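Examining the three-dimensional arrangement
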Amino acid sequence: MKHFKVAILSAAIAGLTACGGDDGRNGANGSNGSDGLNSLITQTQLPVGDSNCPGGGVQFDSGADSDSNGSLESSEITDTTFTCEPFTAPEQIDLIGNTKDNVWFSEAQARVAAATQPNLTRGAAKNVILFVGDGMGISTVTAARILEGQLNGKSGEEHNLSFDLFPYTGLAKTYNVDAQTPDSAGTMSAIMSGVKTDVGVIGVNENIVRGDCTTVAGNELVTALELAEIAGKSTGVLSTARITHATPAATYAKSADRDWEDDGDMPAAAKTAGCEDIASQLVNFEPNLEARIAGINVDGIDVVMGGGRRSFLPKDAAFNSPDAVSSVEGDRTDGRDLTAEWKTRYPAGNYIFDKTGFNAINTETTTKVLGLFNESHMQYEADRKNDVAGEPSLRDMTEKAIKVLDNNDKGFFLMVEAGRIDHAHHAGNAYNALTDAVELSEAVAKAVELTNSEDTLIIVTADHSHVFTIAGYPKRGNPILGKVVSIGSNSPALAADGMPYTTLGYTNGLGFRDLGDETDADEGYNYAIDAGRQDLLLVDTQSPGFHQEALIPIDSETHAGEDVGIYAKGPGAALVSGTNEQNVIFHVMDYAADLVNKANSKQVAP
Ligand SMILES: [Zn+2]
């Protein structure tokens, strides 16, 4: 505030004049009058959005300084004027305007509207937590449940993962608009926006042409995370994959190609046409959202943790993190250090890159966290002990995130991805896929413990399945990672080729590897494809480094096209029941937390 003083001079009292008679002598001078009061004017800059000057401007307050203390108290103000900048009120945008008539959207919305749950009121959920087990098909859930049970000394089949105990379950049809068997980009875009779309694209509808930046404009979809943000809720995104990978990206980015994780991944034409890489979109989330939807005021994603540092740092060893593994960690070719940009945007925020930084986060005072714990994906849970500077587990990240986000009275939206169940399956290694699925179950259990099912909707689902099977006739309690042993027998059953076989297997992929104690499934890529039958008689198939047999040789095991489970608890949970198009999940979250209406009501139209 700037102060201007304008002094008012005391006026001298002039002599009076009278008629008749001679003028008398001049009287003696009177004593000096006391000083007059100073008049003060204060000037205050008004920000855009001010109720008197919607376009911003200056407020002038004036009045006499009655107590002569040199400042203008509010009780002394006698006049206020404004000089306002010109302003045109932004047109109120219908946040789902470009999706309302999209048939995927309207049909899924109608399905949710027609469903009933006792005592359900729209908007009863203050918080929404969405867990996505990437590639966690039903067979993965079953095998992970058995493995966790057996690790706890049980037979295993009777055991329950945390979300097996959720009161409501449904199925999701995962196909993409242009594909029978989907990928994570199309499926997560459907889950987050309520609109099914094509393979490989992020946060845009099916009118997009994959890889063509010029087709993005006008086809962007609004996501549940964006709606929660506009509604004033706190928001968070966690993943054990790169935070720019398809699943987490679909919560915050719009991209014609899932592979545009940093500028170095983008074709020149896309950059020339003005498309922004996914990492940059994460750091610019707040200004980008405010630019896309005028009249809103958001504060950015509050908690972001995962892998993928390389897309945030310049391709220059000088920018390597202290725990860098590669000689040059960064991948960016534009010289930008997005971690520094993030710190500039959120000076009070915490940028962390290792377990020590993670442990130091005070969840009651921290408002913004960006945690990038690895150059690429975070470690598999079973391999986490081998990380250079240490990484938090998915359960630890979930706990930390909830404790930061729940400081907001308006609630929060949190997406948690177990991203590497998918990666282990692609590598043909059930051990890591199942141990990462068990860790997801632990993260869900932590979320249940830290929240209240009266006001928090928790959904656990998968984006798609994998060609992973539980086969043969193993007896009850047979080790799930072991060879099939029939009822009444103690030795492996033999197939028609005279060789034993495992319960778990893959229809396609890299095939057999026997890597012993190796806990990193990706090591399997260092060997030639070895599909088909092997003599497993002397192989320990329960060791972490065993990769199951695969029938069809392919350089990476594939996704599968069957339905996946949706497990739900809390307000609106019953709405997941039945066999659903995958995009219905958005509408369940929208119904439960009334996201669209709450966000629409926050748009300021002065
Ligand atoms: Zn995949």
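Residues numbered from 1 in each chain as written. Predicted model: local features only at pLDDT ≥ 70, side-chain atom pairs only at ≥ 80, totals over all residues. Heavy atoms only, no water.

1. Digging into the sheet that holds strand S14 (residues 468-470)
Strands sit in the order S14-S15-S18 across an open sheet of three strands; the sheet is mixed. Edge strands, defined here as strands with exactly one partner in the open sheet, are S14 and strand S18 (550-553). Across the sheet, the axes of successive neighbouring strands diverge by a mean angle of 20°, strand direction being ignored. Bridging between S14 and strand S15 (residues 504-509) involves three bridges; their strand directions are antiparallel. Directly across from threonine 469, in S15, lies its bridge partner glycine 505. Lying on the sheet, helix H2 (residues 138-151) is in contact with S14 and S15; it crosses S14 at an angle near 50°. (Pairing = 2+ DSSP bridges. Helix = DSSP H or I, 4+ residues; strand = E, 2+ residues; numbered from the N terminus. Axes fitted to C-alpha atoms, helices over the stretch in contact; angles between N-to-C directions. Contact = heavy atoms within 4.5 Å.)

2. Observations concerning the coordination of the zinc ion
Around the zinc ion, the donor atoms from the protein are Asp422 (OD), Asp422 (OD), His426 (NE2) and His559 (NE2), and they sit 2.1 to 2.3 Å away. Around the zinc ion sit four donor atoms; with metal-centred angles ranging over 56 to 151°, the donor geometry is irregular. The motif formed by the donor residues of the zinc ion, counted along the single chain, is D-x3-H-x132-H. Of this pair, aspartate 422 and histidine 426 both sit in helix H12 (residues 420-426), separated by four residues, roughly a single helical turn. You can call histidine 426 buried: its relative accessible area is 15%. (Donors = N, O, S within 2.8 Å, 3.2 Å for Na, K, Ca; no water. Tetrahedral: all angles 85-135°; square planar, octahedral: opposite > 155°, others 65-115°. Buried < 20%, exposed > 50% of the residue type's maximum accessible area, 1.4 Å probe, protein only.)

3. Some words on unusual backbone geometry
Glycine aside, negative phi is the norm for most residues, and most peptide bonds take the trans geometry. Although it is not a glycine, serine 68 sits at a positive phi angle of roughly 50°. For serine 68, the position within the fold is in the loop between strand S3 (57-64) and strand S4 (79-84). Of note, aspartate 594 is a non-glycine position whose phi angle comes to about 55°, a positive value. Looking at aspartate 594, the relative accessible area reads 14%, which means it is buried.

4. Regarding the nonpolar core
Within soluble globular proteins, side chains that are nonpolar tend to cluster in buried spots. The biggest cluster of nonpolar side chains holds 124 residues, and the ones touching the most others in it are Leu130, Phe131, Met305 and Phe413. Here this core gets nine residues from one element, more than from any other, and that element is helix H13 (residues 430-450). For this core, the domains that each give at least three residues are domain 2 (103-467 + 558-599) and domain 3 (472-557). Not counting residues within four places of it along the chain, the set of residues in contact with methionine 305 comprises Val237, Leu238, Ser239, Ile243, Ile352, Phe358, Val369, Gly371, Phe373, Met397, Lys400 and Ala401. Val201, Ile208, Met266 and Cys275 belong to the second-largest nonpolar core, a separate cluster that totals ten residues. (Core = buried A, V, L, I, M, F, W, Y, C linked by side-chain atoms within 4.5 Å. Domains from an automatic or database assignment.)

5. Quick look at the packing of helix H3 (residues 184-193) against helix H14 (residues 584-593)
Across the interface, H3 lies against H14 with an axial gap of 5 Å and an inter-helix angle of 25°. By the angle between their axes, H3 is roughly parallel relative to H14. As for how H3 packs across H14, the hand of that crossing is right-handed. Across from Ala190, Ile191, Met192 and Ser193 in H3, the residues of H14 making contact are Ile585, Phe586 and Met589. Looking at the contact of H3 with H14 residue by residue, the classes come out as six nonpolar, one polar and no charged. (Parallel < 35°, antiparallel > 145°, perpendicular 65-115°, else oblique. Left-handed = near helix turned anticlockwise from the far one by under 90°. Nonpolar A, V, L, I, M, F, W, Y, C, P; charged D, E, K, R; others polar.)

6. Some words on the packing of aromatic side chains
Taken as a whole and assessed by the stated rule, the structure comprises eight aromatic pairs. Between phenylalanine 468 and tyrosine 506, the aromatic rings sit 5.4 Å apart at their centres with planes inclined by 40°, giving tilted as the arrangement. Taken as a pair, phenylalanine 468 in strand S14 and tyrosine 506 in strand S15 lie far apart in primary sequence, 38 residues in all. Taken as a pair, phenylalanine 468 and tyrosine 506 share a single burial class, namely buried. (Phe/Tyr/Trp six-rings, centres within 6.5 Å; stacked < 30°, edge-to-face > 60°.)

7. Things to note about the state of the cysteines
Evaluation of the coordinates by the stated rule reveals two disulfides. Each disulfide pairs two cysteine sulfurs, and for cysteine 53 the partner residue is cysteine 84, the sulfurs being separated by 1.9 Å. With the S-S dihedral at roughly -65°, the linkage between cysteine 53 and cysteine 84 falls on the left-handed side. Linking cysteine 53 in the loop between strand S2 (39-46) and S3 with cysteine 84 in strand S4, this pair joins segments that are 31 residues apart in sequence. Relative accessible area serves as the criterion here: at 38%, cysteine 84 is assigned to the partly exposed category. In the chain, numbering the disulfide-bonded cysteines from first to last in sequence yields the connectivity 1-2, 3-4. (Disulfide = S-S within 2.5 Å.)

8. Focus on helix H9 (residues 338-345)
Within H9 the residues assigned to the buried category are Leu338, Thr339 and Trp342. Seen end-on, H9 carries its buried residues on one side only, within an arc spanning 105°. Each element contacted by the buried residues of H9 is listed here: helix H7 (278-283), strand S9 (350-352) and strand S10 (369-372). (Arc of directions from axis to C-beta.)

9. Regarding the environment of asparagine 219
Along the chain, asparagine 219 falls in the loop between H3 and helix H4 (224-230). With 15 residues separating them along the chain, asparagine 219 and valine 204 place their C-alpha atoms 5.3 Å apart.

10. Let's talk about the packing of H2 against H13
Interhelical geometry of H2 versus H13 gives an angle of 80° and a closest axis separation of 9 Å. If you check the angle between H2 and H13, you find them roughly perpendicular. Contacts between H2 and H13 involve Thr140, Ala143, Ala144, Leu147 and Glu148 on the former and, on the latter, Leu434, Thr435, Ala437, Val438, Ser441 and Glu442.

11. What to know about the side chain of aspartate 387
Among the secondary structure elements, aspartate 387 is positioned in the loop between S10 and helix H11 (394-405). In terms of polar contacts, aspartate 387 uses its side chain to reach the side chain of glutamine 379, at 2.8 Å. Side-chain polar atoms of aspartate 387 contact the backbone nitrogen of alanine 389, separated by 3.5 Å. Not counting chain neighbours up to four residues away, the residues in contact with aspartate 387 comprise Asn374 and Gln379. (Polar contact = N/O pair within 3.5 Å; in protein donor to acceptor, adjacent residues only side chain to side chain.)

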